[in-house]
Amino acid sequence: MKNKTEFINNVEELSNIFDKYLGSLNYEHFTKRMLCIDYVKRFGIDDIKGFIQYCKCNGDIDDIKSTLSHDFGGVKDEGMLPRTSGYSKYINLQN
């Protein structure tokens, strides 16, 4: 992470992604925010952004919720590898 501002912006962006795709899970604001902070610290957000873009371009929108649920749900598990790993290369993928 380059600086605190970038970190805070990434947490905010991930929180917005969480609300958009997992808002129906009704997490308390504090719990959601802590999950986003922990996730950004461990993994960053580029893989998630790339995964979402990949799904949009390939019509796999239904996969987003289950995959993000897995990734956020396992953020405290030290051995967890996010399902979105490796998707950062798709951030700029166009339809």
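Basis of the calculations
- For every chain, the first residue of the written sequence is number 1, and numbering continues from 1 onward in sequence order.
- Whole-chain, interface and lining totals are the exception, using all residues; otherwise, since this is a predicted model, local features are given only for residues with pLDDT of at least 70 and side-chain atom pairs are given and counted only at 80 or more.
- The basis for every side-chain value is the complete set of heavy atoms in the structure, and neither hydrogens nor water enter the calculation.
- Every angle, taken between N-to-C directions, lies between 0 and 180 degrees, and every axis is a line fitted to C-alpha atoms, over only the stretch in contact when it is a helix.
- Here a strand is any run of E in DSSP of at least two residues, a helix any run of H or I of at least four, and the numbering for each starts at the N terminus.
- For classification purposes, an angle smaller than 35 degrees is called roughly parallel, one larger than 145 roughly antiparallel, one from 65 to 115 roughly perpendicular, and anything else oblique.
- The crossing is said to be left-handed when, going from far helix to near helix, the turn is anticlockwise and less than a right angle, and right-handed when the turn is clockwise.
- By the convention used here, residues are in contact when the closest approach between their heavy atoms is within 4.5 Å.
- When residues are sorted by character, Ala, Val, Leu, Ile, Met, Phe, Trp, Tyr, Cys and Pro go into the nonpolar class, Asp, Glu, Lys and Arg into the charged class, and all the rest, Gly among them, into the polar class.

Participant: Can you help me understand the packing of helix 1 (residues 4-22) against helix 4 (residues 62-73) in this one?
Facilitator: Helix packing for two helices is described by the angle between their axes and how far apart those axes are. Axis separation between helix 1 and helix 4 bottoms out at 10 Å; the angle between their running directions is 130 degrees. Taken together, the axis directions place helix 1 and helix 4 in an arrangement best described as oblique. Remark: the crossing between helix 1 and helix 4 carries left-handed chirality. For the pair formed by helix 1 and helix 4, the contact residues are Leu 14, Ile 17, Phe 18, Tyr 21 and Leu 22 on the first element and Ile 64, Lys 65, Leu 68, Ser 69 and Phe 72 on the second. Across the contact of helix 1 with helix 4, the residue classes tally to 8 nonpolar, 1 polar and 1 charged.

Participant: How should I be thinking about the packing of helix 3 (residues 46-58) against helix 4 in this particular structure?
Facilitator: Taken N-terminus to C-terminus, the directions of helix 3 and helix 4 make an angle of 155 degrees; their axes are 9 Å apart at the nearest point. When the axes of helix 3 and helix 4 are compared, the pair comes out roughly antiparallel. For the element pair helix 3 and helix 4, the recorded crossing hand is right-handed. Together, Ile 48, Phe 51, Ile 52 and Cys 55 of helix 3 and Asp 63, Ile 64, Thr 67 and Leu 68 of helix 4 make up the contact between the two elements. Here the contact of helix 3 with helix 4 is built from residues that sort into 6 nonpolar, 1 polar and 1 charged.

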